[in-house]
Amino acid sequence: MQKKILLLGSGELGKEFVIAAQRIGQKVIAVDSYENAPAMQVAHGFEVINMLDGAELDRIVAKHQPDFIVPEIEAIRTERFYDYEKQGITVVPSAKAANFTMNRKAIRDLAAKDLGLRTANYRYATTKEELQKAVSEVGIPCVVKPLMSSSGKGQSTIKTQEDIEKAWNYAVEGSRGDIIEVIVEAFVNFHSEITLLTVTQNNHPTLFCAPIGHRQERGDYQESWQPARVSEKDILEAQDMARKVTEALGGAGLFGVEFFLTDEGVYFSELSPRPHDTGMVTLAKTQNFNEFELHLRAILSIPIPEITLERIGASAVVLATQNSDNPTYDGIEKVASLSKTDFRIFGKPTSRPYRRMGVVLVNDTLDTPIEEVVEKAKKTATLVTVNP
């Protein structure tokens, strides 16, 4: 039963995945570009490499001979995954899914052009001049994102012509990998955003978690809550879109599928082929299995008979405000003294302004108004300070 998993990317999401794997006796080698990354602290072994170096990736795959390769970040030489699949290694959810979704261009074209899903009007640009042209075509306001990035890095909104140069420079600076290209999206007049955690299984039906709402700043999530308020019509439309796009990508695992909810219906936004940061709310015991356990079970073909919503919950991030090579924390005791409240400190070895260093988790009974739980999570997160 024990399988060897090579985890590519070792942040806080990877750490929770490794903990889930350890609980059922799996072996994990955690990989990242720096030592003592969160997931390395709980894995059986680790490697420090540049994952955009194909030769280095090949070397550690040959060295460890894993049963599964589980990507946790975007900045990986994902085209190598097709070769690993040919060698008999299972890439999660699949080489196609990982390769397509590490690059916003591939996944957006699949959704809009191949599957006909409703998306924002969009263009691509590889230079500042092309960005200028793209903005004139999609209109202002619009959103600019690097094709390869994570956690909202490099993402900004253009509100005036003067914003274009700044948006280009910020996107290039926030880009992961070696592709300097951006996607320019017309602004969608949405009233809310949701993440629909979608679990594809080998030989079992696709399952959906209760929708998760979230609020962003600087392109990065600040609070998330489950369940989000979504009409029956919109949730069925979102599930249909999520099913289509995950089936087209293939494989087994958990996908975080993001949608805009508008007066005209549901718009497909983005997709991650792995546990999603907004899904950390499931660590508040909102479900019978959290998102990391679901990802692992789907990967290992352990049947998941159903996903049940047990409680409502909210998560709120703990952010650093300063640079530090040895961050410490105050206020943990205050958080721990509150009922129906929990926290995670990720164990990142360094901090910088706005870096996510931990999360506060709050839950309550299903009949509690979700706004109360979100407000409690936000207030509780302010009790924790990250010291340099």
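Residues numbered from 1 in each chain as written. Predicted model: local features only at pLDDT ≥ 70, side-chain atom pairs only at ≥ 80, totals over all residues. Heavy atoms only, no water.

Just so we agree on the cut-off: UniProt positions are given in the numbering used here, feature names are shortened, and annotations may be inferred rather than shown by experiment.
The name given to the chain in an unreviewed UniProt entry is Formate-dependent phosphoribosylglycinamide formyltransferase, with the source organism recorded as Flavobacterium suncheonense GH29-5 = DSM 17707. The record in UniProt for the chain states the following under Function (unreviewed entry): "Involved in the de novo purine biosynthesis. Catalyzes the transfer of formate to 5-phospho-ribosyl-glycinamide (GAR), producing 5-phospho-ribosyl-N-formylglycinamide (FGAR). Formate is provided by PurU via hydrolysis of 10-formyl-tetrahydrofolate." Check the Pathway (unreviewed entry) section of the UniProt entry for the chain; it says "Purine metabolism; IMP biosynthesis via de novo pathway; N(2)-formyl-N(1)-(5-phospho-D-ribosyl)glycinamide from N(1)-(5-phospho-D-ribosyl)glycinamide (formate route): step 1/1."

Regarding the pairing of strand β16 (residues 312-319)
Definition in use: Remark: exposure states derive from per-residue accessible area (1.4 Å probe, protein chains only) relative to the maximum for the residue type, with buried under 20%, exposed over 50%, and partly exposed in between. What counts as a helix is a DSSP run of H or I of at least four residues, what counts as a strand is a run of E of at least two, and both are numbered from the N terminus. Two strands make a pair as long as DSSP finds a minimum of two bridges between them.
Burial within β16 is extensive, with 7 of its 8 residues counted as buried. As paired elements, strand β13 (residues 220-226) and β16 share 4 bridges and run antiparallel to each other. Counted as the bridge partner of Trp225 is Ala314 from β16. Here 8 bridges tie β16 to strand β19 (residues 356-364), and the two strands are oriented antiparallel to one another. In the sheet register, Ala314 faces β19, and the bridge partner there is Val362.

So, the nonpolar core
Soluble globular proteins tend to pack their nonpolar side chains together in the buried interior. Put simply, the rule is: In these notes, a set of buried Ala, Val, Leu, Ile, Met, Phe, Trp, Tyr and Cys residues joined through side-chain atoms within 4.5 Å is what counts as a nonpolar core. Domain start and stop points were drawn from an automatic or database domain assignment. Whether two residues are in contact is decided by their heavy atoms, any of which lying within 4.5 Å being enough.
Formed by 28 residues in total, the largest nonpolar core has its most connected members in Phe17, Val70 and Met280. When contributions to this core are tallied by element, the ones reaching two or more residues are β1 (4-8), α1 (12-23), β2 (27-32), β4 (68-71), α9 (291-299) and β19. Top contributing element to this core by residue count: α1, with 5 residues. Of the residues that make up this core, three or more belong to each of domain 1 (4-91) and domain 3 (192-387). Ignoring any residue separated from it by four or fewer positions in sequence, one finds Val70 in contact with Ile5, Leu6, Leu7, Leu8, Phe17, Val92, His295 and Ile299.

Details of the packing of aromatic side chains
For any pair of aromatic rings, geometry is given as the distance between the ring centres together with the angle between the planes. Put simply, the rule is: Stacked, edge-to-face and tilted are the three classes for Phe, Tyr and Trp ring pairs, Trp counted by its six-membered ring, which pair at centre distances within 6.5 Å; planes under 30 degrees apart are stacked, over 60 edge-to-face, the rest tilted.
With the rule as written, the count across this model stands at 5 aromatic pairs. A ring pair is formed by Phe81 and Tyr84, whose centres lie 6.2 Å apart and whose planes are at 45°; its orientation type is tilted. One end of the pair, Phe81, and the other, Tyr84, are both in helix α3 (residues 81-86), 3 residues apart, so they sit about a helical turn from each other. In terms of burial, Phe81 and Tyr84 fall into one category: buried.

Brief notes about the UniProt feature "binding site: Mg(2+)" (unreviewed entry) in the chain
How we decide: Whenever two N or O atoms come within 3.5 Å, that pair is a polar contact, provided that in protein one can donate a hydrogen and the other can accept it, and provided that, for residues adjacent in sequence, both atoms are side-chain atoms.
Under the present numbering, the feature "binding site: Mg(2+)" (unreviewed entry) in UniProt falls on Glu258 and Glu270. Along the chain, Glu258 turns up in strand β14 (residues 253-262). Excluding its chain neighbours within four sequence positions, the residues that come into contact with Glu258 are Ile194, Thr195, His214, Gln216, Tyr267, Phe268, Ser269, Glu270 and His276. When near neighbours in sequence (up to four residues on either side) are disregarded, Glu270 contacts Arg104, Lys145, Gly256, Val257 and Glu258. One polar contact links Glu270 to Lys145, side chain to side chain, over a distance of 3.1 Å.

Some details on the environment of Leu361
Considering the arrangement of structural elements, one finds Leu361 in strand β19. Expressed as a C-alpha distance, the spacing of Leu361 and Lys376, which sit 15 residues apart in the sequence, is 9.4 Å. In contact with Leu361, other than residues within four places in its own chain, are Met280, Val281, Leu283, Ala284, Ala314, Ser315, Lys340, Thr341, Asp342 and Arg344.

Some points on the UniProt feature "binding site: N(1)-(5-phospho-beta-D-ribosyl)glycinamide" (unreviewed entry) in the chain
Residues annotated by UniProt as "binding site: N(1)-(5-phospho-beta-D-ribosyl)glycinamide" (unreviewed entry) correspond here to Glu12, Leu13, Glu72, Asp277, Lys348, Arg355 and Arg356. Locating Leu13 in the fold gives a position in helix α1. In this structure, Leu13 is in contact with Glu72, Pro275, His276, Asp277, Met280, Glu291 and Phe292, ignoring residues within four places of it in sequence. Among the structural elements, Arg356 can be located in strand β19. You can call Arg356 buried: its relative accessible area is 7%.

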